[in-house]
Amino acid sequence: MIDAEQVRALPKAEVHVHLEGCFEPADVEALARWAGEPIRHLDVTGSDLSVFLEVLDWTCGLVRTPEQLARAAYRFAEREAHNGVAYADLIVNPTHWSTWRNRLDAFVDALDAGFREAEEDGLPPTGVCISLLRQQSPAEALELVEWLIARQHPRVVALSIDGNEAAAGRTGPGFADAFRRAAEAGLHRTVHAGESSGPEGVRDALEYLLAERIDHGVRAIEDSDLVRELADRRIPLNVCPGSNVLLGRYPDRSHHPLEDLRAAGVRVSINTDDPALMGHSLVSEYVETAAAYGWTLETLREIAHTSVEAAFCREELRHQLLDPR
Ligand code: ADE
Ligand code: ZN
């Protein structure tokens, strides 16, 4: 049995986690009180993805001031430190944060202030992946990317896309121009696919969205040619087993395809997705996944190694984490 302390000590990154899902119930209650909004009880167990995404809209809609944003960023870094994370790529989707609509500069600056303060206090560094929602239009996507390119904010490392693919329909071709522009400008690309979409969503992510990594990607398992391609091209899957079970994609971890993907040579990491809302942590996800598959600490070390290889961090930090001495 692997214990929490062993997991905490592994040199690792977290590469698939949303700020929107990092508000603890006590934080949500305090924000709701401050905003004068009625307090809602947020139990998302068994929700489908659409309901879950609406909960994110409500929670993030409570964040009204730059100080509250900076505090959310700082609290995120504290959470990562507590789980022994040395670096995090954090997905932030501006469409969930209603107060900040059309105020992207102020939004990113406020988050950056919180992350900077966290680093000054010795907490781990965070790179931000600014995310599109699948329901947005191609024109909105291009507008966001042009802002990212013009602004070149040092905190922003990647363009991401998340949301509900099953509800949005096939959107890969429509977002191709936006992701091509981002790639040409040197931004990394990370793409949610193969969670609410099947293997075809993962194929579109690679072909149209120039994805360097796939967030989830687990339904690739339904297409053996695609599994081979992911393994051959060394495309990392940023997997979130607890999230997939909680949102009903698989009945439990033993039915989750993570171990089959790994056995087929696909590079996989373990991540939390929306840890506070889902009631889990990165450490608990490593521990429970290892228990479900009978993994040794050595296997977890490989998973942690993949997380660092997949991270959009500075090369110097990557080398330090891959070769700690
Ligand atoms: N945003 C936050 N969590 C998400 C998930 N699991 N899938 C798609 N978009 C998300
Ligand atoms: Zn996600």
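Residues numbered from 1 in each chain as written. Chains lettered and ligands numbered in written order. Predicted model: local features only at pLDDT ≥ 70, side-chain atom pairs only at ≥ 80, totals over all residues. Heavy atoms only, no water.

## Some remarks on the overall build of the chain
So, point 1. Secondary structure summary: the chain contains 16 helices and 8 strands in total.
So, point 2. Rg of the C-alpha trace for the chain: 18 Å, near the compact-globule value of 20 Å for 325 residues, within the 12% margin.
So, point 3. If you line up the chain on its principal axes, its C-alpha atoms span 50 × 45 × 40 Å.
So, point 4. Looking at the chain as a whole, 59% of its 325 residues are labelled buried.
So, point 5. In the chain, 77% of the contacts between residues at least 6 apart in sequence involve partners at least 24 apart.
So, point 6. In the form shown here, the chain has an accessible surface area of approximately 13300 Å², with 49% of it arising from carbon and sulfur atoms. (Helix = DSSP H or I, 4+ residues; strand = E, 2+ residues; numbered from the N terminus. Rg over C-alpha atoms; globule rule 2.2 N^0.38 Å. Buried < 20%, exposed > 50% of the residue type's maximum accessible area, 1.4 Å probe, protein only. Contact = heavy atoms within 4.5 Å. Areas by Shrake-Rupley, 256 points an atom, 1.4 Å probe, with all protein chains shown as cover.)

## Considering the site of ligand 1
So, point 1. Neighbouring ligand 1 are His18, Leu49, Phe52, Leu53, Leu56, Asp162, Gly163, His192, Glu195, His216, Asp273 and Asp274.
So, point 2. Aspartate 273 has a polar side-chain atom sitting 2.7 Å from a nitrogen atom of ligand 1.
So, point 3. Per element, the largest residue contribution to the shell around ligand 1 is 4 residues, and it comes from helix α3 (residues 49-61).
So, point 4. Class assignment of the residues belonging to the shell around ligand 1 gives a composition of 4 nonpolar, 4 polar and 4 charged. (Near = heavy atom within 4 Å. Polar contact = N/O pair within 3.5 Å; in protein donor to acceptor, adjacent residues only side chain to side chain. Nonpolar A, V, L, I, M, F, W, Y, C, P; charged D, E, K, R; others polar.)

## Some points on the coordination of the zinc ion (ligand 2)
So, point 1. The protein atoms that coordinate the zinc ion (ligand 2) are His16 (NE2), His18 (NE2), His192 (NE2) and Asp273 (OD), at distances spanning 2.0 to 2.1 Å.
So, point 2. Each of the 4 donor atoms around the zinc ion (ligand 2) contributes to a set of angles spanning 82 to 169 degrees, which defines the coordination as irregular.
So, point 3. Look at where the donors of the zinc ion (ligand 2) fall in the sequence and you get H-x1-H-x173-H-x80-D.
So, point 4. Histidine 18 sits in the buried class, given a relative accessible area of 6%. (Donors = N, O, S within 2.8 Å, 3.2 Å for Na, K, Ca; no water. Tetrahedral: all angles 85-135°; square planar, octahedral: opposite > 155°, others 65-115°.)

## Let's talk about the environment of serine 307
So, point 1. Along the chain, serine 307 falls in helix α15 (residues 297-310).
So, point 2. Put simply, serine 307 and alanine 263 are 44 residues apart on the chain and 17 Å apart in space, counted from C-alpha to C-alpha.
So, point 3. Beyond its immediate stretch of four places on either side in the chain, serine 307 contacts Lys12, Ala13, Val15, Ser269 and Tyr286.

## Description of the pattern of salt bridges
So, point 1. Tallied over the entire structure, the rule returns 32 salt bridges.
So, point 2. We note a salt bridge from arginine 180 to glutamate 184, for which the minimum N-O separation is 3.2 Å. In this pair, arginine 180 and glutamate 184 are both assigned in helix α8 (residues 176-184), 4 residues apart and thus about one turn of the helix distant.
So, point 3. Taking relative accessible area as the criterion, arginine 180 reaches 37% and is therefore assigned partly exposed.
So, point 4. Note on glutamate 184: relative accessible area 54%, which makes it exposed.
So, point 5. A single salt-bridge network, built from bridges that share partners, covers Glu146, Asp177, Arg180, Arg181 and Glu184. (Salt bridge = Lys/Arg side-chain N within 4 Å of Asp/Glu carboxyl O.)

## Here we look at helix α5 (residues 104-120)
Helical geometry note: an α-helix holds 3.6 residues per turn, so side chains three or four residues apart project in the same direction.
So, point 1. Taking 1.5 Å as the rise per residue, α5 with 17 residues should run 24 Å; its terminal C-alpha atoms sit 24 Å apart, in good agreement.
So, point 2. All of the buried residues in α5 are Leu104, Phe107, Val108, Ala110, Leu111, Asp112, Gly114, Phe115 and Ala118.
So, point 3. Contacts from the buried residues of α5 go to α4 (66-82), β2 (85-92), β3 (126-133), α6 (138-151) and β4 (156-162).
So, point 4. Positive phi appears at glycine 122, one or two residues downstream of α5, with a value of about 85 degrees. (Expected span 1.5 Å × (residues − 1).)

## Some remarks on helix α16 (residues 315-322)
So, point 1. Those residues of α16 lying buried are Leu317, Arg318 and Leu321. Along the axis of α16, the buried residues cluster in a sector spanning 100 degrees; they form a single face.
So, point 2. On its buried face, α16 is in contact with β2 and α15. (Arc of directions from axis to C-beta.)

## A closer look at the sheet that holds strand β1 (residues 12-18)
So, point 1. Reading across from one edge, β1-β2-β3-β4-β5-β6-β7-β8 is the order of the 8 strands in this open sheet, with parallel pairing throughout. Every other strand in the sheet has two partners, leaving β1 and β8 (268-270) as the edge strands with one partner each. Going across the sheet, the axis of each strand differs from the next one's by a mean of 25 degrees, ignoring polarity.
So, point 2. Note that β2 and β3 share 5 bridges and pair parallel. Counterpart to isoleucine 91 in the pairing with β3 is cysteine 129.
So, point 3. Its contacts with the sheet put α4 on β1, β2 and β3, and the angle it makes with β2 is roughly 140 degrees. (Pairing = 2+ DSSP bridges. Axes fitted to C-alpha atoms, helices over the stretch in contact; angles between N-to-C directions.)

## Quick look at the packing of aromatic side chains
So, point 1. Counted under the stated rule, the structure contains 4 aromatic pairs.
So, point 2. Centroid distance phenylalanine 23 to tryptophan 97: 6.0 Å. Interplanar angle 55 degrees. Geometry classified as tilted. Of this pair, phenylalanine 23 sits in the loop between β1 and α2 (25-35) while tryptophan 97 sits in the loop between β2 and α5, placing them 74 residues apart in sequence.
So, point 3. Relative to tryptophan 295, the ring of tyrosine 293 lies with its centre 5.2 Å away and its plane at 40 degrees, an arrangement referred to as tilted. (Phe/Tyr/Trp six-rings, centres within 6.5 Å; stacked < 30°, edge-to-face > 60°.)

## Here's the deal with the packing of α6 against α8
So, point 1. Packing of α6 against α8 brings their axes to within 8 Å, and their N-to-C directions diverge by 10 degrees. If you check the angle between α6 and α8, you find them roughly parallel. Where α6 abuts α8, its residues Ala141, Leu142, Val145, Glu146 and Ile149 lie against Asp177, Ala178, Arg181 and Ala182.
So, point 2. A class-by-class count of the residues in the contact of α6 with α8 yields 6 nonpolar, no polar and 3 charged. (Parallel < 35°, antiparallel > 145°, perpendicular 65-115°, else oblique.)

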